Amino acid sequence: MSFTILDTKKFCSRIHPILKLVRKKATLPIYTECRFTISDKSSYVHSTNSEDVWVSADITDVIKVHHACEFSITPNWIKILKGAKGTVEVEVDKNKLTLTRMPHVVSFPMGVDIEDWPVGNDVCQADEYFKCTIPNLSDGLKSISYAMGTDTARAHLQSVYFDFERGNLVATNGFQIDVIPGVLPLKKELPNLIVPRQAVKILETLKGPIELFIKKQVPKKVPRVYCRAGQVRVGFYSLSGGYPEYLRVFPDFNLPVMFKVDRVELLNLVTDAYKAVRNEFTPAVNLYARNNNLIVYARSRNQGEFRVTMPCTEGLPPGAGFAMDCKYLTSALRATESEEITFTFEPGINPIQVDLGCPSNRRTLIMPIKDQKCKQPYVYRCAEQDSISGREFVPDK
C-alpha cells in the first residue's frame, strides 16, 4: 500500500483546513487524528472534533496512487513535509507510515482502527437541501470572529449567527456585539443558523465563493449544513435553540452624542498603553472621553502611569463623556480598514455604539465601565454639570 505526493507545498495547503480541527489532546483518539482514504478514483482526508463538525479535502490531483489504502494517523508527519521539496513516497502498512525520498527515512506509528471512525455523509441531494452561494463569506467571518466569546459553558456566545432574513452576520461575547450587514443573501426561505466556533475558524480559512447546502428542517431537529469551497468540504450542525433578538440591544438614542476619531492613531495609542503595562498580571487600559479629547489611560505598579490625550476630529459637547475597557475596543479597531470611526452614546448607563464604517452601516456595541476611583458609572454627566458625582472622572496624575 503506497502512494506518491506529487507536490508537497500544494498538498500541505490543501489539508490546512483539516489541521484546524484536529485537537492536540482529547478523550477520544480520533479527535487528534486524520483519516486518509486513498483509492484510484478519489482520495480524501477527513477530520472531526465530534459529531457536530467535520471537514474533508479532496487530494486526488496532488497524489499518485499505487495501491489503495485507508488509515488513521496523527498529523505530525505532515509537519515534516513542509520542509520537503519535489515528490515524496509514502508507504503504508498495518503498524506504521514511512516517508522515503527524504534526507532521512522517517516512520510514524498508525492510529486507531478505521472502524472506530464515524461515517460522514457528504452527498448533497438537490431535493433535500437549500442551496446558496456566498462570495465573501470567509472575509466576513475573519472580520467578525474577534467578537466571539470563549466561554464553553455558553455555546451561543462562542458562535456566529447567520441571519438570512436581514442578511447580517452577528457575533457577541456578552460584553460587546458586532453586526456586519450585507454579507449574506436575503433569502427568507433559508433557516437562520448558529454556527459553532470551530466551524467558523475553518470557514474563514477557505478561499473564493463558498456554497452552502442547508438541509431542509425536520421538526425538533437542528439544521445540518454542508459548505463547499474548491476541494474542501465542511459539515456541521447548527446549534440548537433560538438566538436573542440582537437588534433590540442597540439603543434608540433620543439625544445622541456623536464624534469621530482617527482609527489608526487611536489603535497605536492603545497598543502603546498595553506595552506599558505588559508585565502586569491583569493589564487594563481604559479609554475616557471628555471635553473634545480622548484619554488613553493605563496604570502599572512598577512603571507608573501611562496617559495620552488625543483630540477628536469632531468635538465633544461640554459635559459629555464615557469610559470603556480597551480590551474590547482594540479588536474592533483591527477588524476594519476605515480611516475614521464614529462613537455614539447618550448620557446614562447605556452601551456605546462604535460605527466602524467598513462595510457601510457596520456597527459594534460595547458596554461602559465604572471608574473604581469615583464609583460612578460611565456613560455619565461630567462633574461640572452633575452635582451628584462631586469630582472629575479622570484619574489623578
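In this text, all values refer to a predicted model and were calculated from it rather than measured experimentally.

Colleague: Is there a simple way to explain the side chain of Thr 344 in this structure?
Modeller: Turning to its location among the elements, Thr 344 is positioned in strand 23 (residues 340–345). Beyond its immediate stretch of four places on either side in the chain, Thr 344 contacts Phe 253, Pro 256, Val 257, Met 258, Ile 352, Gln 353 and Asp 355.

Colleague: Explain the pairing of strand 2 (residues 34–38) to me, please; I cannot follow it from the model alone.
Modeller: For a regular strand, the rule is simple: side chains alternate between the two faces of the sheet. Summarising burial for strand 2: 4 of the 5 residues are buried, a large majority. In this sheet, strand 6 (residues 69–73) lies alongside strand 2 in antiparallel orientation, the contact comprising 5 bridges. Directly across from Phe 36, in strand 6, lies its bridge partner Phe 71. Alignment of strand 2 against strand 3 (residues 44–48), held across 3 bridges, turns out to be antiparallel. When the sheet's bridge partners are listed, Arg 35 is paired in strand 3 with His 46. Linking two consecutive strands that pair antiparallel, namely strand 2 and strand 3, is a turn of 5 residues.

Colleague: Is there a simple way to explain helix 7 (residues 326–334) in this structure?
Modeller: Each α-helix winds once per 3.6 residues, and so residues spaced three or four apart point in a common direction. Burial in helix 7 covers these residues: Cys 326, Tyr 328, Leu 329, Thr 330, Ala 332 and Leu 333. For helix 7, the side-chain oxygen to backbone nitrogen distance between the N-cap and Lys 327 is 3.1 Å, and the N-cap itself is Asp 325.

Colleague: Quick question: what am I supposed to make of the nonpolar core here?
Modeller: Of all hydrophobic cores here, the largest spans 99 residues; its most connected members are Phe 36, Trp 77, Phe 162, Leu 212, Leu 266 and Phe 343. Per element, the largest residue contribution to this core is 6 residues, and it comes from helix 6 (residues 263–276). For Phe 162, the residues in contact, after removing those within four places along its chain, are Leu 137, Leu 141, Asn 168, Leu 169, Leu 184, Asn 192, Leu 193, Val 195 and Leu 212. Formed by 9 residues, the second largest nonpolar core is a distinct cluster that contains Val 179, Ile 194, Tyr 243 and Tyr 246.

Colleague: How should I be thinking about the sheet that holds strand 9 (residues 106–109) in this particular structure?
Modeller: Paired through their backbone hydrogen bonds, the strands of a sheet run either parallel or antiparallel. Pairing within the open sheet is antiparallel, and its 5 strands lie in the order 5-1-7-8-9. Each edge of the open sheet carries a strand with a single partner, namely strand 5 (63–65) and strand 9. Across the sheet, the mean angle separating the axes of adjacent strands is 20° when strand polarity is ignored. Pairing between strand 8 (residues 96–100) and strand 9: 4 bridges, direction antiparallel. Counterpart to Lys 96 in the pairing with strand 9 is Pro 109.

Colleague: Where do I start with the confidence of the model for the protein in this structure?
Modeller: For any part of a model where pLDDT is low, the fine detail of the predicted coordinates should not be relied upon. In this model, the protein carries a mean pLDDT of 78, and residues with pLDDT of at least 70 account for 82%. Under a pLDDT of 50 for its full length, residues 372–397 has, in the predicted model, 67 contacts with residues more than four places off or in other chains.

Colleague: Just checking my understanding: could you explain helix 4 (residues 137–144) for this structure?
Modeller: Of all 8 residues in helix 4, 6 are buried; the element is thus mostly enclosed. Looking only at helix 4, the buried set comprises Leu 137, Ser 138, Gly 140, Leu 141, Ser 143 and Ile 144.

Conventions used here
Residues numbered from 1 in each chain as written. Predicted model: local features only at pLDDT ≥ 70, side-chain atom pairs only at ≥ 80, totals over all residues. Heavy atoms only, no water. Helix = DSSP H or I, 4+ residues; strand = E, 2+ residues; numbered from the N terminus. Contact = heavy atoms within 4.5 Å. Buried < 20%, exposed > 50% of the residue type's maximum accessible area, 1.4 Å probe, protein only. Pairing = 2+ DSSP bridges. Polar contact = N/O pair within 3.5 Å; in protein donor to acceptor, adjacent residues only side chain to side chain. Core = buried A, V, L, I, M, F, W, Y, C linked by side-chain atoms within 4.5 Å. Axes fitted to C-alpha atoms, helices over the stretch in contact; angles between N-to-C directions. pLDDT = per-residue confidence, 0-100.

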